[in-house]
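Read off the chains here:
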Amino acid sequence: MDLEVAEDYKSSTIKKKESWRTVLTLAFQSLGVVYGDLSTSPLYVYKSTFAEDIHHSETNEEIYGVLSFIFWTLTLIPLLKYVFIVLRADDNGEGGTFALYSLLCRHTKMSFLPNCQVADEELSAYKKKDSAGPPVINIGFTMKSMLEKHKVLQKMLLLLALIGTCMVIGDGVLTPAISVFSAVSGLELSMSKEHHKYVEVPVACFVLVCLFALQHYGTHRVGFLFAPITITWLFCISAIGVYNIILWNPHVYQALSPYYMYKFLKKTRLQGWMSLGGILLCITGSEAMFADLGHFSQLSIKIAFTSVVYPSLILAYMGQAAYLSKHHIIESEYKIGFYVSVPERIRWPVLAIAILAAVVGSQAIITGTFSITKQCSALGCFPRVKIVHTSSKIHGQIYIPEINWTLMLLCLAVTIGFRDTKRMGNAAGLAVITVMLVTTCLMSLVMVICWNQSIFLAIGFILLFGSIEALYFSASLIKFLEGAWVPIALAFTFMVVMYVWHYGTVKKYEFDVQNKVSINWLLSLGPSLGIVRVRGIGLIHTELVSGIPAIFSHFVTNLPAFHQVLVFLCIKSVPVPYVQPEERFLVGRIGPKEYRLYRCIVRYGYHDVHKDDMEFERDLVCSIAEFIRSGNSDYNGGGMEEFEKEDEKMAVIGTSSSFNEGVRMCDNDDDDDPGETAGTSELREIRSPMVPRKRVRFVLPENPKIDRDAREELQDLMEAREAGMAFILGHSYVRAKRGSSFMKKLVINYGYDFLRRNCRGPSYAWSVPHASTLEVGMVYHV
């Protein structure tokens, strides 16, 4: 399956209405990417439900009650909640827990890091259309004010989002384990139990190792197989379901009545309530419909679920129930599983398809774990990790080696440690239902704050879906000692890491703000900054979006020379999925023109792909050149807006590829004639008179109005670019202040310091060449 159509579609829907051909193509593709996990749940639902808590009897009340619970759970949660309600809460086409939190942050003027600017609110992706109609009750404004004023509420909301995110990562450990193990368990019907226990675990571990070992190739390389495998699997289970219904019990449809849920709970009581943790597994993978929204569209996901996935799953569960209703003698514990209802003549082909389907379902959650880790890292909630983009056209297709091998080791540990579906199901069920509960809570806030809906509608949403999910959550939590402790332990570990990193990052930024250098100090140095200015461009990395960082004074006082052009570079993430190329850069000048000091803020969304170093350097220099050419104080239109920011004015400037009319740069390594520059009669060039190894040419629009000072400034910028760039990074050592509490010292001095020393440095995020990097250490007392 080729997912490139999905990414092309996402950008095209902004401008034109989606065609049915595109929608159906995306619906077909979503079957393999979104529904792989959900479609493999029939492998283990009945087996987990009837593990120990309840037993199948000749009255069939248990099996009918379980079927009724499965039907209504699938109808209310995936169909009603996700398909018809939650999918509408997208963040510019992106979904997931962090997308909801990002949406709330923008509407309540909260932020992951305190580096928001007025210019960020002018981003096209930042604005969100509210739902039609005025607010019924003015409760939304009150809730906004409460969240903006009370830091405790903001921390609670962040904590809630982190819990949901960590449970998704925990699901990335448990879903591959239970899916692959359940698929392989079909071998138990062809060998004795003594031999089976020595074969099942090694085979499952082998499949898991192969699955994670292939991740670095990227989903798109084998993606064309995903949808056909899932469709084949859904066809098999639905056909087997229809066969079993007709052959064994055509009246099994009567169990769809909610009355059988009442009879089930009345007969089984406490044991029936505890067995709900197994029934819960029928909706594992539902969250993927929302999380993977960015690769598809709402309509395509709805069509795929309502027309293919939902009816196939219902038929599969009904078929298993029909078979079990006529087979009451259970010879061994695995006779209640999926494969026993498969006709013996096709059992081996179905086993092979099931293993492939389990791999597809596992692939979806692993890819989702990579994506959500990237989101958290981009927004300052996770240590920097190596992110490999496996496709140049599909931004969502990424590979993170550290996360991949960590997931593999944890999956193998769960498989070897548990060795049975029951405890794996208990663990996976708690992870899934926790994510759904978090989504329900965040969704109710979105209804009131972002959609301006009535508070009663939000309360009704929570009461309907929250009560159902709370029932399943309690049934899963009671199995704490029987496997449910695993997702809690995993989530707690990841949440501690994420919260410590976020806390340390915020404190470090606050230190920078409190200790930044005044503009008066800079002016007192004069144009030479008190030192020798050498040729070249110096990029000084800083987290500040305004003012002069304290580390700059260390540079000036400790280095004998500085570059003729200095750029204070801030690479920041904004709470939107994508930033348009024409809105990428914010450029301003620090001090008078003759100082040749600039500030450049590069803005990325949490799903944006960072460019390689050469293209990034070109865009950076062109953005500064365009800033100089346009004249910050004289510019009056053409896609550039000015924003006052303390001692400087910032202008919105796009990348060089987004310029319709603007400065373009040509790098030449030879002595070609200047007239051969890639220009027409409509373009003319300013070129450095010097003859260095690399020639830099700025190609300007026809008849640009450039005064003498701007022309000299462009000349200096060209000469500096020809001489090369140097990246100056501050190597920070963060320590807690004297008198800080024991907990703060523990978090900062040990937790944050350990994570900082063992994660990727900021130079890796830029793909900065080590040969042109200079690091200067500084101690932060936060």
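Keep in mind the model is a prediction, meaning the values are calculated, not measured.

Criteria and cut-off values
Residues numbered from 1 in each chain as written. Predicted model: local features only at pLDDT ≥ 70, side-chain atom pairs only at ≥ 80, totals over all residues. Heavy atoms only, no water. Helix = DSSP H or I, 4+ residues; strand = E, 2+ residues; numbered from the N terminus. Buried < 20%, exposed > 50% of the residue type's maximum accessible area, 1.4 Å probe, protein only. Contact = heavy atoms within 4.5 Å. Areas by Shrake-Rupley, 256 points an atom, 1.4 Å probe, with all protein chains shown as cover. Axes fitted to C-alpha atoms, helices over the stretch in contact; angles between N-to-C directions. Parallel < 35°, antiparallel > 145°, perpendicular 65-115°, else oblique. Left-handed = near helix turned anticlockwise from the far one by under 90°. Core = buried A, V, L, I, M, F, W, Y, C linked by side-chain atoms within 4.5 Å. pLDDT = per-residue confidence, 0-100. Lys, Arg positive; Asp, Glu negative; His and termini not counted. Salt bridge = Lys/Arg side-chain N within 4 Å of Asp/Glu carboxyl O. Polar contact = N/O pair within 3.5 Å; in protein donor to acceptor, adjacent residues only side chain to side chain. Phe/Tyr/Trp six-rings, centres within 6.5 Å; stacked < 30°, edge-to-face > 60°. Lys NZ or Arg CZ within 6 Å of the ring centre and 35° of its normal. Nonpolar A, V, L, I, M, F, W, Y, C, P; charged D, E, K, R; others polar. Expected span 1.5 Å × (residues − 1). Patch = residues over 30% accessible without salt bridge, like charges linked within 9 Å, V, L, I, M, F, W, Y side chains within 5 Å. Disulfide = S-S within 2.5 Å.

**Q** What exactly am I supposed to notice about the overall build of the protein chain here?
**A** What the protein chain contains, in helices and strands, is 27 helices and 13 strands. Relative to its full complement of 782 residues, the protein chain shows a buried share of 58%. Within the protein chain, residue pairs in contact and separated by at least 24 positions form 82% of the contacts whose partners lie at least 6 positions apart. Summed over all atoms, the accessible surface of the protein chain reaches about 32100 Å², with 60% contributed by carbon and sulfur.

**Q** Mind showing me how you'd approach the packing of helix H5 (residues 61-84) against helix H12 (residues 259-268) here?
**A** The description of two packed helices rests on the angle between their axes and on the distance between the axes. Contact pair H5 / H12: the axes reach a minimum separation of 8 Å and the direction vectors enclose 130°. On the basis of the axis angle, H5 is oblique to H12. Here H5 runs over H12; the crossing is left-handed. Every residue of H12 that contacts H5 at Glu61, Glu62, Tyr64, Gly65, Val66, Ser68, Phe69 and Trp72 is listed here: Tyr260, Met261, Lys263, Phe264, Leu265, Lys267 and Thr268.

**Q** Where do I start with the nonpolar core in this structure?
**A** Soluble, globular proteins show a tendency: their nonpolar side chains are buried together. By size, the foremost hydrophobic cluster in this structure holds 168 residues, and its most contacted members are Tyr35 and Tyr46. Take this core: its biggest share by element is 18 residues, from helix H19 (residues 421-450). Aside from chain neighbours lying at most four places away, what touches tyrosine 35 is Ser30, Thr230, Met289, Ile301, Ala304, Phe305 and Val309. In terms of nonpolar packing, the next biggest core, distinct from the first, is built from 31 residues, Ala550, Phe562, Leu566 and Ala736 among them.

**Q** Can you help me understand the confidence of the model for the protein chain in this one?
**A** As a note on interpretation, predicted positions should not be read in detail where pLDDT is low. Mean pLDDT for the protein chain: 79, with 81% of residues reaching 70 or above. Note on residues 1-17: pLDDT is under 50 here. Beyond four places in sequence and across chains, it has 37 contacts. The low-confidence segment residues 633-647 (pLDDT under 50) makes 36 contacts with residues lying over four places distant or belonging to another chain.

**Q** Would you mind going over the side chain of arginine 347 with me for this structure?
**A** Positionally, arginine 347 belongs in helix H17 (residues 347-378). Buried and without a salt bridge, arginine 347 has glutamate 344 as its closest oppositely charged side chain, separated by 5.1 Å. Separated by 2.9 Å, the side chain of arginine 347 and the backbone oxygen of valine 342 make a polar contact.

**Q** Please clarify how the packing of aromatic side chains should be interpreted in this entry.
**A** Here a ring pair, both rings aromatic, is described through the centre-centre distance and the interplanar angle of the planes. Throughout the structure, instances matching the rule amount to 15 aromatic pairs. Ring centres of phenylalanine 98 and tyrosine 101 lie 6.2 Å apart, and the angle between their planes is 80°; this geometry places the pair in the edge-to-face category. Here tyrosine 101 and phenylalanine 98 lie together in helix H6 (residues 97-108), a separation of three residues that amounts to about one turn. Owing to a relative accessible area of 3%, tyrosine 101 belongs among the buried residues under this scheme. Summarising the aromatic geometry, the rings of phenylalanine 461 and phenylalanine 465 are spaced 5.0 Å apart at their centres and angled 55° between planes, so their arrangement reads as tilted. Placement of the pair is phenylalanine 461 and phenylalanine 465 together in helix H20 (residues 455-477), with a separation of four residues, close to one helical turn. Here the aromatic cluster, defined as three or more aromatic residues joined through ring pairs, consists of Tyr64, Tyr259, Tyr260 and Tyr262. Geometry around tryptophan 451 places arginine 88 over its ring, the cationic atom sitting 4.7 Å from the centre.

**Q** Honestly, the packing of helix H2 (residues 20-33) against helix H11 (residues 226-248) in this entry has me stumped. Any pointers?
**A** Following both chains from N to C, one finds H2 and H11 inclined at 80°, their axes separated by 7 Å at the closest point. Here H2 is positioned roughly perpendicular relative to H11, judged by the angle of their axes. Packed against H2, whose contacting residues are Phe28, Leu31 and Gly32, the element H11 presents Phe226, Ala227, Pro228, Thr230 and Ile231 at the interface. Looking at the contact of H2 with H11 residue by residue, the class counts come to six nonpolar, two polar and no charged.

**Q** How should the environment of isoleucine 229 be read in this particular structure?
**A** Its location among the elements puts isoleucine 229 in helix H11. In the structure, isoleucine 229 is positioned 128 residues away from alanine 357 in sequence and 6.2 Å away in space, judged by C-alpha atoms. In this view, isoleucine 229 contacts Leu356, Ala357 and Val360; residues no more than four positions away in its chain are not counted.

**Q** Explain the pattern of salt bridges to me, please; I cannot follow it from the model alone.
**A** Where charged atoms from two side chains of opposite charge come close, those side chains can pair. Following the criterion strictly, the structure yields 15 salt bridges and no others. Where glutamate 626 meets arginine 629, a salt bridge forms, and the shortest distance between an N and an O atom there is 2.8 Å. Of this pair, glutamate 626 and arginine 629 both sit in helix H24 (residues 613-630), separated by three residues, roughly a single helical turn. The exposure classification of glutamate 626 matches that of arginine 629, with both residues buried. Among the charged side chains, a salt-bridge network with shared partners connects Glu61, Glu62, Lys263 and Lys267.

**Q** Is there a simple way to explain unusual backbone geometry in this structure?
**A** What you tend to see is this: most non-glycine residues have negative phi, and most peptide bonds are trans. At arginine 419, a residue that is not glycine, the phi angle is positive and equals roughly 60°. Residues other than glycine seldom take positive phi values, yet asparagine 452 does so here, at roughly 55°. Locating asparagine 452 in the fold gives a position in the loop between H19 and H20.

**Q** How should H2 be read in this particular structure?
**A** An α-helix turns once every 3.6 residues. As a result, residues three or four positions apart point the same way. The end-to-end C-alpha separation of H2 is 20 Å, in line with the 20 Å expected for 14 residues at 1.5 Å each. Taken as a whole, H2 has its buried residues at Val23, Leu26, Ala27, Gln29, Ser30, Leu31, Gly32 and Val33.

**Q** Please clarify how the environment of phenylalanine 69 should be interpreted in this entry.
**A** Considering the arrangement of structural elements, one finds phenylalanine 69 in helix H5. In this structure the C-alpha to C-alpha distance between phenylalanine 69 and alanine 255, which are 186 residues apart in sequence, comes to 9.3 Å. Setting aside residues up to four positions removed in sequence, phenylalanine 69 forms contacts with Met261, Phe264, Leu265, Leu276, Ile279 and Tyr472.

**Q** I'm lost on the side chain of aspartate 171 in this one. Help?
**A** Among the structural elements, aspartate 171 can be located in helix H8 (residues 151-184). Discounting residues that sit within four places of it in the chain, aspartate 171 has contacts with Pro176, Ile365, Ala431 and Val432.

**Q** What exactly am I supposed to notice about the environment of phenylalanine 494 here?
**A** By the element assignment, phenylalanine 494 lies in helix H21 (residues 485-514). A relative accessible area of 13% places phenylalanine 494 in the buried class. A sequence separation of 332 residues divides phenylalanine 494 from leucine 162, and the C-alpha atoms of the two residues are 8.9 Å apart. What phenylalanine 494 contacts, discounting residues up to four positions off in sequence, is Cys166, Ile169 and Phe382.

**Q** It is not clear to me how a nonpolar patch on the surface should be interpreted in this structure. Could you clarify?
**A** Side chains of Leu477, Phe480, Leu481 and Trp485 sit close together on the surface and give an oily, nonpolar patch of about 430 Å² of accessible area. As for its placement among the helices and strands, tryptophan 485 is situated in helix H21.

**Q** Just to check I follow, could you spell out the state of the cysteines for this structure?
**A** Put plainly, two cysteines are in a disulfide when a covalent bond ties their sulfur atoms together. Enumeration over the complete set of coordinates arrives at zero disulfides. The structure places no disulfide on cysteine 205, whose sulfur is separated from the nearest cysteine sulfur, that of cysteine 411, by 9.8 Å.

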